[in-house]
Each structure stands twice: as C-alpha cells, then as structure tokens.
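Breakdown of the fold
Residue strings, one per chain:
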Amino acid sequence: MGTKLIIDTDPGVDDAFALALATRSEDVDLLGVTTVFGNVPLSHTTANARRLLQLFGREDVPVAAGAERPLVYDNAKPAGFVHGQDGLSGHAGTLPEAKRALDERGAVRLLVDLLEAADEPVTIAPIGPLTNIALLLAAHPQIREKIGRIVIMGGGVTKGNSTTAAEFNIWSDPEAARRVLVDGDIPTVLVPLDITHQCSVDTTWLGKLAASGPLGAALEALTPTYVEHYTPILGFPGMVMHDAVAVAEAIRPGILDTESYPVDVECGFGPARGATLVDRRRLRSTDPQTVPGRTIDVALTTDVDAFRGFVLDRIVGGL
Ligand code: RIB
Ligand code: CA
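Treat the numbers as computed from the prediction; the structure is a model and nothing was measured.

Further remarks concern the overall build of the chain. Each helix and strand in the chain was counted, giving 13 helices and eleven strands. Its C-alpha atoms give the chain a radius of gyration of 18 Å, within 12% of the compact-globule value 20 Å for 319 residues. Across the 319 residues of the chain, 58% fall into the buried class. The averaged location of the 41 negative side-chain charges in the chain is 2 Å from the averaged location of its 27 positive side-chain charges.

The final tally for this structure, using the stated rule, is 15 salt bridges. Between Arg58 and Asp60 there is a salt bridge, with the nearest N and O atoms lying 2.8 Å from each other. Its relative accessible area of 46% is what places Asp60 among the partly exposed residues. Where Asp305 meets Arg308, a salt bridge forms, and the shortest distance between an N and an O atom there is 3.3 Å. Placement of the pair is Asp305 and Arg308 together in helix α13 (residues 304-317), with a separation of three residues, close to one helical turn. When salt bridges with common partners are traced through the structure, they connect Asp103, Arg105, Arg109 and Asp113 into a single cluster.

Another point: the confidence of the model for the chain. Across the chain, the average pLDDT comes to 96, with 99% of residues at or above 70. Highest mean pLDDT in the chain belongs to strand β4 (residues 122-126) (99); lowest belongs to helix α3 (residues 80-83) (92).

Turning to the UniProt feature "domain: Inosine/uridine-preferring nucleoside hydrolase" (unreviewed entry) in the chain, a few remarks are in order. Here, UniProt's "domain: Inosine/uridine-preferring nucleoside hydrolase" (unreviewed entry) annotation points to residues 5-307. Along residues 5-307 the backbone is 36% helical and 18% strand, and the end-to-end C-alpha distance reaches 20 Å.

Turning our attention to the site of ligand 1. The full set close to ligand 1 counts 13 residues, and Asp14, Asn161, Glu167, Asn169 and Asp243 are the nearest of them. Between ligand 1 and the protein, one listed contact pairs an oxygen atom with a side-chain N or O atom of Asn161 at 2.8 Å. Glu167 places a polar side-chain atom, nitrogen or oxygen, 2.6 Å from an oxygen atom of ligand 1. Where the shell around ligand 1 is concerned, the elements lending two or more residues are α1 (13-23), α6 (168-172) and α12 (242-251).

About the cut-offs
- Residues numbered from 1 in each chain as written.
- Chains lettered and ligands numbered in written order.
- Predicted model: local features only at pLDDT ≥ 70, side-chain atom pairs only at ≥ 80, totals over all residues.
- Heavy atoms only, no water.
- Helix = DSSP H or I, 4+ residues; strand = E, 2+ residues; numbered from the N terminus.
- Rg over C-alpha atoms; globule rule 2.2 N^0.38 Å.
- Buried < 20%, exposed > 50% of the residue type's maximum accessible area, 1.4 Å probe, protein only.
- Lys, Arg positive; Asp, Glu negative; His and termini not counted.
- Charge placed at Lys NZ, Arg CZ, Asp CG, Glu CD.
- Salt bridge = Lys/Arg side-chain N within 4 Å of Asp/Glu carboxyl O.
- pLDDT = per-residue confidence, 0-100.
- UniProt positions renumbered as here; feature names shortened; annotations may be inferred.
- Near = heavy atom within 4 Å.
- Polar contact = N/O pair within 3.5 Å; in protein donor to acceptor, adjacent residues only side chain to side chain.

See below:
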C-alpha cells in the first residue's frame, strides 16, 4: 500500500477537493480524518467532513472532531463569505448523511491511536488551522517518532489572503502554527499561497469534473460561492484548490518543487500577525545576521498542467 495518511481539515470547498483526491487514490491508505475550526465553525467542518467521506464512499475512514478555537487568543474569524455559511456553498445539506458515527475519541486521541498503531511512518496533511497538530505535539511529544512528514497547506512567501501579510490557516492560530512549523523537528513541507494560486483551475476544468458522473457533479456543485469569490481575484471564472495542492504533495512526494528555507511565524499583534517569514537571503552560517525560525521545505513551483491533470484523473478515475 502507498502513503499512510491522516488529514486534519476544516471543510471548506477546497478541503472537499483535497479529501476527494485522497479518498479516490488507490495508493493512499487514509487512516483517519480530524476536524478543526476554520472556514466555518467546528460543528460545520465536522459534519461536512463526515458527509464528504460518505459521498466518496469511504465509511471505513474514522472522523474525530478537534479544536473549536485557537490555542491562546480567540480572535479567529470564519470565512463563510468565501466558502458559504455552511462551508460548502450552501449545499452541505445535499450531501448524503454520514452512516459512520463520529469517533468519540476526539482528534488528538484518534491521531495518537492511529499513529501508535501504524507499522510505518505516517504523513499528516494539516489543511486548516494547526491547532490540533500543536496540541498533539505538546501533549504527546513521543508520537513525533511515528510521523514521517507533515505537509501543510498554509502561509505565503510573497502574499497573504486573510490580511495582506498572513494566510488564513496560519492567521487563524499563529501560536499553533509557530509550535508546529518552528518549534517542531518533524520533516515538514509548507505549501503556501504562492504555489496554490499557480495551480488554480477554471470553469472548463470544473466542467470536466461535473461531466464525469454523479460524484463529480456533486463535488462541482459545492463550488459556486467559492468560484464567485475567486473569479475577481483570478481574473477569470475559476477557483484555487489550495488544500488539494498540499494533499497532492502528501500522496505524490516531489510533485511540487521545493526549496529549503528558514521559516518563522509572526505572533505579535501588529499588522503582520500570522505572517510566515520565509528567509530567502541564503546567509552563510558564519554571517552575523540572525536567521530566525527552522529550516523546512517550502513548495514554490510545479508543472501546473500536469498537476491539474493529476488531480482530475485521480478524482474522476477513482469515481
Ligand atoms: O488560505 C487557504 C486555506 O484556508 C485553505 O486551507 C482553505 O480551506 C482555508 O482553510
Ligand atoms: Ca482548509
């Protein structure tokens, strides 16, 4: 079997595409899904994750709910204006009811149990605020030996979205992001806005998905609010599948071109709170300037056409 994977998510329209990619890939052993507050409140992200797994025919995958708010400062704001108030363009109720009960262990306990039971290193793909992962690493430090890689959708080298400096997942809980990105020591790939925007898809691509069959049509039907939000940003009718870009790297290591850079997270309360500071100065170790943060892999480019084909083939091919 291929990649052993756990996804931590706040569905969210692009999260839905990331879950579709993972669940429809035969070379992925999706061990579990944990949910977190973010695009919409935890109650909605959890209900959406369960319904989406039902839609994708994956009742075998446990779902457990995690943090309903940031670690320390509760000043996160949901993004209903981007994803719809229910997180899925108002169409969450059209998805099938989940037959599998919510896993009562909660996100951190489910993560620990799945990781402890794994017979090979597990990839964790956080595609929402990093609160659950920070809690996991704080409460169970020894568990990091079971984690092969963390592939995070988050941050921005040259751009933000929640503010001009900060990307939503990091901005929603900067302290948690710093704990995972900077204070951790697990091999980590950051998949920032700079690459996710390169991988945007247009309505022609979405039309192919919709025409592929009932499941593709159901997935595409979740996009209207999200497409409406991104069309003026992109300059054409389309959307940015941020989370699918990170999950693509999680399940196909190397699909994204990465560079290693020191990364830090701004946790102050100025205008740059939540910014990811990616230090590209290439300072030598003997240089007097301080190099903040931890050196991690940062994804910056990819063959965009190949990426779009990979995602569509995986989602449609598995349907
Ligand atoms: O900034 C984009 C990220 O924030 C994506 O994960 C999206 O789903 C939201 O969580
Ligand atoms: Ca997300």
